[in-house]
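Each chain is listed here by its residues.
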Amino acid sequence: MSAPRKGLEGSPRLEWLAAGLIFAALTVVVFWPQPVQWLTHAHGHHDTLFNMWRLSWITEALTTDPARLFDPPIFHPAQRVLAYSDAVLLQGLVALPALAAGAPILPVSNVVLLLGPWLSALGMYLLVRDLLAGRDASPFWPAVIAGAIFGLLPYRVEHVMHLELQWSQWMPLACWALHRTVEGGRVRDGVWLGVFVLAQFLSCIYYGVFLVVTLACVTPLLLLARGRAPLTRIAAALVVGMVVTAPVLGVYSAPYRANQATFGGRGADEIDTWSATAGSFISAPEGNQIYGRTAAFGGPEGRLWPGAIALLLGMVGVWSARRQVVLWMYAAMLVLSAVLAMGTHTPIYRVMLTLVPPLGGLRAPSRFGMVVALAIAVLAGLGAAHLLARLRAGWLRHVAGVLLVLGLGVEYASRIGPLHPWVQRAPMYARWLRDQPAGVVVDLPMARANALPHHEAEWSFYGRTHGHPMANGYSGYYPTPYLDLLGAMVAFPRGQSLTALRSRDVRYIVVHEDRYEPADYLELDARLRGTPGLRFLGRFPDPDYPVGIYLIEPR
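Predicted model, so just to flag it, every value in this text is computed and none were measured. Sequence order sets the numbering: in each chain, residues are counted from 1 along the sequence as written. Residue-level local features of this predicted model are given only where pLDDT is at least 70; pairs of side-chain atoms are given and counted only at 80 or more, and the full residue set underlies all totals for whole chains, interfaces and linings. Water and hydrogen atoms were dropped before computing side-chain values, which therefore reflect all heavy atoms in the structure.

Trainee: Even after reading the chapter, I still don't get the pattern of salt bridges, so can you show me in this structure?
Mentor: Two side chains of opposite charge can pair, provided their charged atoms sit close to one another. Salt bridge, as used here: a side-chain nitrogen of Lys or Arg that lies within 4 Å of a carboxyl oxygen of Asp or Glu. If you walk through the whole model with that rule in mind, you get 15 salt bridges. When the shortest N-O distance is used, the salt bridge between Arg129 and Glu15 registers 2.7 Å. With a gap of 114 residues between them, Arg129 in helix 4 (residues 105–131) and Glu15 in helix 1 (residues 13–30) connect regions that are remote in the sequence. Each residue gets one of three labels from its accessible area relative to the maximum for its type: buried under 20%, exposed over 50%, partly exposed in between, using a 1.4 Å probe on protein chains only. Relative accessible area serves as the criterion here: at 11%, Arg129 is assigned to the buried category. Among the ionic pairs, Glu553 bridges to Arg535, the shortest N-O distance being 3.1 Å. Placement of Glu553 in the segment after strand 6 (547–552) and of Arg535 in strand 5 (residues 534–540) is noted, with a sequence separation of 18 residues between them. One network of salt bridges, with partners in common, ties together Arg180, Arg186 and Asp189. By definition, any uninterrupted DSSP run of H or I lasting at least four residues is a helix, any uninterrupted run of E lasting at least two residues is a strand, and each is numbered from the N terminus.

In C-alpha cells, the structure reads:
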C-alpha cells in the first residue's frame with residue numbers, strides 16, 4: 001500500500017483485456033443459458049417485466065418530457081410512482097440510445113442486466129490490483145480471482161431478475177477512490193469517491209445506502225495507516241467530493257423522501273421477513289450446480305454462501321495480512337455487513353434504523369450480502385496473492401491462478417430459469433387502444449390485495465405500448481387508493497366497483513380472456529354486456545393476448 005499508485009491508464013492493456021474476457025466467459029457459465037438466449041428469452045419472474053417497463057419509461061420520459069420522469073402512467077392518479085421502487089436511472093441512461101433508436105426492449109434489458117456482474121468484476125479487479133501494487137509478484141491473478149468472486153458469486157443468481165441488484169460495480173470503485181484519497185489527500189480522488197457513491201445510488205438505492213453506512217463505520221480504520229496524507233487534506237478532499245455530488249443526490253432522492261414521509265417506513269414484520277438468518281450464510285440458490293441442495297437453509301433473498309474457495313482464500317488473506325490496516329478495514333466491513341444483513345434478528349439493526357432513517361424504507365436487510373461479498377472478495381484477493389507469491393516460478397503462478405479461476409467457475413456454475421419468451425410486439429388490443437380517445441385503462445383480472453402482484457406487472461408492461469394511463473400497477477410499494485380499488489373490484493361489476501372506476505376516470509376495461517377459465521370468462525362477458533353503463537367495444541383474437549374491451553359510458 002505504500003508504493004506509488006497507478007490508475008487504470010497505467011495498467012497493461014493486455015492484462016485488462018484478458019481479465020475482461022475471463023469475466024465474460026464466467027458470466028456465460030454462471031448465468032447459463034441466459035447469455036445465449038438474450039435475444040428472445042428472459043427470466044420468467046415478474047420483475048423481468050418490471051425491468052423492461054422501467055427502462056422503456058425512462059427512455060420515453062427523457063426523450064419527451066423529463067419533468068414527468070417520476071410520474072409514469074400506472075396506479076393512476078398516484079404521483080411519484082417511479083420512486084415506489086428503485087428507478088434504475090443510470091441503467092435507463094445506458095439503455096436509452098438503443099431504445100430511442102428502436103431496438104427491441106427484451107435484448108436491451110438482458111444486455112444491461114448482464115453488464116452488471118461483468119462491470120462489477122472489473123471494478124473489483126481494479127481495486128485489488130491497486131491494493132497489491134508494488135509487490136514482487138504480479139497482481140493479475142489475485143485481482144482476477146477477487147473480481148470473479150465479487151462479480152459472479154451465487155448471490156448474483158439469487159437476484160438474477162433484479163436489474164438494480166446486479167449493478168454493484170460502483171462499490172469497489174468507491175473503495176478504490178477512498179484508498180487513494182486517504183493516501184494522497186488529493187481533491188480529485190475525493191471527487192471521484194463522491195461520483196462513484198452517487199453512481200451507486202443512481203443504479204441501486206439499496207447499495208447506495210448500504211455503501212455509505214458501511215464506509216462511514218469502517219473508514220476511520222484507514223486513518224491508522226502509516227504514510228497517509230494529513231487529516232486536513234483528507235477531510236478537504238472528502239468535503240469537496242460531497243459538495244460536488246450532494247446536490248444531484250438531493251434532487252434524485254427527493255421523490256423517495258416524499259414517499260417515505262407519505263407512506264411511512266417498512267413494517268417491522270416485513271423487515272424481519274427479509275432479514276438473513278445464520279443459515280443464509282451457508283445457503284446457495286437452487287440453480288447452483290454444486291450447492292443447490294443448500295437452498296433450504298436460507299429463504300428467498302437469504303442465500304449468501306460465497307463458495308468454499310472464496311471462504312478459504314479469505315481466511316488465508318486474514319492471516320497473511322493481519323498486520324496491515326487494509327485488512328482491518330475489510331475484516332471490519334465483513335463482520336459489520338454480515339451482522340446488518342441479519343436485520344432485525346439482531347438488536348444492532350434496530351439501533352441503526354433509528355440512527356439511519358433511510359434504512360426504514362428498505363425492506364430487505366439481507367441485501368447487505370453484496371457488501372459481505374465486497375469484503376470477502378478483497379480478503380480472498382489478499383489470500384490468493386499470499387499463496388501465489390510462495391510459488392517461485394512464474395509459470396507455476398499462472399497455472400495456479402488458472403486453476404483457482406476454473407475452480408470458481410465450477411463452484412459458481414448455475415442454470416438460470418425458468419426463461420420465458422416474452423412477447424416483444426405490441427398486442428393487437430394495445431395497438432387499437434393507442435388510436436382511441438384519451439381515457440384510463442384497467443386490465444382484468446386484477447389482483448387481490450392479499451395476493452399481489454398476480455398479473456399486474458404484465459398489464460403494466462404491455463400498457464407501455466398503448467400509452468394510456470392505467471389503474472393497474474406494479475412496484476415495491478402499493479398506494480392506499482390502489483388497494484382500495486382492489487377491494488372494490490372484488491364484486492365487479494356489482495357493488496361500488498363501477499363507481500370506484502369512474503372516480504379514477506377509467507374509460508376502458510380490458511378483459512384478458514386466456515386468464516380465466518372458459519366458463520368463467522363467458523359468464524363475466526355476459527354480466528358485463530348486461531350491465532347498464534358498460535358497452536362492449538369488441539373482441540381482439542390475438543394468439544398471445546386475446547381480450548374483450550368494454551367502455552364505461554359517462555353518466
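What follows picks up the thread again.
Trainee: What exactly am I supposed to notice about unusual backbone geometry here?
Mentor: As a rule of thumb, non-glycine residues mostly have phi less than zero, and peptide bonds are mostly trans rather than cis. Across the junction of Trp32 and Pro33, the peptide omega takes the value 5 degrees, indicating a cis bond. One can find Pro33 in the loop between helix 1 and strand 1 (42–43). The amide bond that connects Leu444 to the next residue, Pro445, takes the cis arrangement and shows omega of 5 degrees. Mapped onto the elements, Pro445 comes out in the loop between strand 3 (440–444) and helix 19 (456–463). For Val88, which is not a glycine, the phi torsion comes out positive at approximately 45 degrees.

Trainee: Before we go on, may I ask you to explain the nonpolar core in this structure?
Mentor: The nonpolar side chains of a soluble globular protein tend to be buried, and buried together. Side-chain atoms within 4.5 Å are what join buried Ala, Val, Leu, Ile, Met, Phe, Trp, Tyr and Cys residues into a set we call a nonpolar core. Core analysis: the largest hydrophobic core is formed by 181 residues, its most contacted members being Tyr330, Met333, Tyr429, Leu501 and Ile509. Here this core takes 15 residues from helix 16 (residues 369–389), the largest share from any one element. Throughout, a contact is declared for two residues whenever any of their heavy atoms are within 4.5 Å. Not counting the four nearest positions on each side in its chain, Leu501 is found in contact with Val442, Leu485, Met489, Phe492, Val506, Ile509 and Ile552.

Trainee: Which parts of the structure should I look at to understand the packing of helix 4 against helix 8 (residues 170–184)?
Mentor: When two helices pack together, their arrangement is given by the angle between their axes and by how far apart the axes lie. For the pair helix 4 and helix 8, the least separation of the axes is 8 Å and the interaxial angle reads 25 degrees. Relative to helix 8, the element helix 4 lies roughly parallel. The two elements helix 4 and helix 8 cross, and the hand of that crossing is left-handed. Contacts from Ser120, Gly123, Met124, Leu126, Leu127, Asp130 and Leu131 in helix 4 reach Pro172, Leu173, Cys175, Trp176, His179 and Arg180 in helix 8. Amino acids are sorted into nonpolar (Ala, Val, Leu, Ile, Met, Phe, Trp, Tyr, Cys and Pro), charged (Asp, Glu, Lys and Arg) and polar (every other residue, Gly among them). Of the residues belonging to the contact of helix 4 with helix 8, the class tally is eight nonpolar, three polar and two charged. Every axis corresponds to a line fitted to the C-alpha atoms, with the helix fit spanning only the stretch in contact, and the corresponding angles, defined between N-to-C directions, vary from 0 to 180 degrees. Each angle is binned into one of four classes, with values under 35 degrees roughly parallel, values over 145 roughly antiparallel, values of 65 to 115 roughly perpendicular, and all other values oblique. Crossing handedness follows the turn of the near helix against the far one: under a right angle anticlockwise gives a left-handed crossing, and clockwise gives a right-handed one.

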